[in-house]
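The primary structure of each chain is shown beneath.
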Amino acid sequence: MTDLSQKEIWFATGSQNLYGEETLNQVAADSKKIVEGLNASEHLPLKVVWKETVKSSEEIHDLMIQANSNKNCIGIITWMHTFSPAKMWIRGLNILKKPLCHLHTQFNAELPWDKIDMDYMNLHQSAHGDREFGFMMSRMRKKRKVVVGHWQTQRVQQKLGVWSRVVLGWDELQHMKVARIGDNMRDVAVTEGDKVAAEMKFGVAVNGFDSSDVVAHINKVNDAEVENLLKEYKNDYNLTDSLKEGGEKRQSLVEAAKIELGLRAFLEEGGFTAFTDTFENLGEIKQLPGIAVQRLMADGYGFGAEGDWKTAALLRAMKVMATGMKKGTSFMEDYTYHFTPEKSFVLGSHMLEICSSIADGKPNCEVHPLGIGGKADPVRLVFNAPAGEALNASLVDMGNRFRLIVNEVEAVTPKADLPKLPVARVLWDAKPDLETAATAWILAGGAHHTVYTQDITTEYLEDFADIAGIELLVIDERTRVRDFKDTINANEAYYHQFQHGM
Ligand code: MN
């Protein structure tokens, strides 16, 4: 769903006119080689585009105007090969609207001990040139990522790769449209929020639709399309007997296929890349969409159940960040606990809608009654998720700001089969332990809905929070509840002066 080939990261090298032509030619040659090196790296998913060395306030201002107006440019990397007096950067930085990453590197890695002279010293000045630039960014209170180290190292290239992917997700949000089908589950608080503020802050447009808008598309689905999709279901999943051809519940699968086709057509026609629904407002839709939502998520759509548009948008943005990655990212909910004296775990799931991108093996396709909503039995994919490092992320609206909460977890293999549980699920060990993690999560106001991922790490979401200018609270191996409370209190004071959208 995301075409990376059109997106660019610009690489701007700062200097000044003091050094003369020969030095500036060398600066340009060196920065070109760095750009070539980054483009050859497997860690950077996007094209890095070299730009002429900037040496004056006018050149920097012009570059930033171009970066702002160029649709392909989604972020800019800056590096000061030499000293670049940073008052020159004020005008340009004042107008820059795209995310910025400050690469603090040096062309040569090691000192040439027997050859080094003052000419060498004057050419390779990023050690202090980048400090001058850093001061200006801090003085202007500009959020940015700082990456330090030699440009040929894996570590630096990985960090630039992380940032590039986050910038890709950020760019996605700037033109994202979320369809909120049937508004919110009645009386639920955390899934609500300020959609005007969200569009000002993140760029995402969230608008409401009636279930009849989807039904109009379901009614247009033809038999051939349904037949093709039923074949796909047969190939991709282990169909339970009652859903097979001639099975007693076959009609449920036909209905599920129609719902998927209609929902997909509705989303495509409207240009939506994320959506929500709610079991209370399904209208004439015969089943709560289960397999449809699971498959749409696997194709890259963002989704939030019960009207949860913030999770839907965050999921879509994180799926775009993870373009080409293989471990998967899904809508998730903390569902049930496994408390034991030794160790406690969370069983994460939802009524139906877990993305099959996190499935461990071929999912089963089953149909079972749903205890709520009063609709026909919905078809769903049932599977376990693989063990491994993962995280849950929740975006909540605190009234005067958005807060992103992250809990690092480790998914573990379920202790036993769950033969009577008809939903996809993940068992995880929350860091640092469930008692601390859930205490901190609840104090932070984290939602029951999250985005669960094994592809995106906390570093991505830290970069994301900086670009968006939102609060980030991380619960990880080092979290202590008392310190966590202090952080919440400090953030209350810090964000007190800011209102939504500022
Ligand atoms: Mn839910």
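Residues numbered from 1 in each chain as written. Predicted model: local features only at pLDDT ≥ 70, side-chain atom pairs only at ≥ 80, totals over all residues. Heavy atoms only, no water.

### Focus: the coordination of the manganese ion
Consideration 1: Looking at the manganese ion, one finds its protein donor set to be E306 (OE), E333 (OE), H350 (NE2) and H449 (NE2), positioned 2.1 to 2.3 Å from the metal centre.
Consideration 2: On the primary sequence, the residues serving as donors to the manganese ion are separated as E-x26-E-x16-H-x98-H. Placement of the pair is E306 in the loop between strand 10 (302-305) and helix 12 (309-321) and H350 in the loop between strand 12 (345-349) and strand 13 (364-367), with a sequence separation of 44 residues. (Donors = N, O, S within 2.8 Å, 3.2 Å for Na, K, Ca; no water. Helix = DSSP H or I, 4+ residues; strand = E, 2+ residues; numbered from the N terminus.)

### What to know about the sheet that holds strand 3 (residues 73-80)
Consideration 1: Read from one edge of the open sheet, 5 strands run 2-1-3-4-5, paired in parallel fashion. With one partner strand each, in any of the chains shown, strand 2 (47-50) and strand 5 (145-148) form the two edges of the open sheet. On average, adjacent strands in this sheet sit at an angle of 25° to one another, irrespective of strand direction.
Consideration 2: Bridge count between strand 4 (residues 100-104) and strand 5: 4 bridges; the pairing is parallel. Its bridge partner being in strand 5, H102 is matched across the sheet by V146.
Consideration 3: Seen against the sheet, helix 2 (residues 57-69) touches strand 1 (8-14) and strand 3 and runs at an angle of roughly 175° to strand 1.
Consideration 4: The sheet strands contacting helix 5 (residues 126-139) are strand 3 and strand 4, and the helix crosses strand 4 at an angle near 155°. (Pairing = 2+ DSSP bridges. Axes fitted to C-alpha atoms, helices over the stretch in contact; angles between N-to-C directions. Contact = heavy atoms within 4.5 Å.)

### Some thoughts on the nonpolar core
Consideration 1: If you look at the biggest cluster of nonpolar residues, it comprises 61 residues, and the most contacted ones within it are F202, F275 and F464.
Consideration 2: Of all the elements, helix 12 adds the most residues to this core, at 8 residues.
Consideration 3: Each residue touching F202, except ones within four places of it in the same chain, is listed here: W170, L173, Q174, L395, F402, F464, A468 and I470. (Core = buried A, V, L, I, M, F, W, Y, C linked by side-chain atoms within 4.5 Å. Buried < 20%, exposed > 50% of the residue type's maximum accessible area, 1.4 Å probe, protein only.)

### Re the packing of aromatic side chains
Consideration 1: In the structure shown here, the tally under the stated rule is 16 aromatic pairs.
Consideration 2: One aromatic cluster is present, formed by W170, F202, F402 and F464 through successive ring pairs.
Consideration 3: Over the ring of W10 we find K51, and its NZ or CZ is 3.9 Å from the ring centre.
Consideration 4: In this structure, K177 packs its charged tip against the face of F272, placed 5.2 Å from the ring centre. (Phe/Tyr/Trp six-rings, centres within 6.5 Å; stacked < 30°, edge-to-face > 60°. Lys NZ or Arg CZ within 6 Å of the ring centre and 35° of its normal.)

Nothing here speaks to function; it is geometry throughout.
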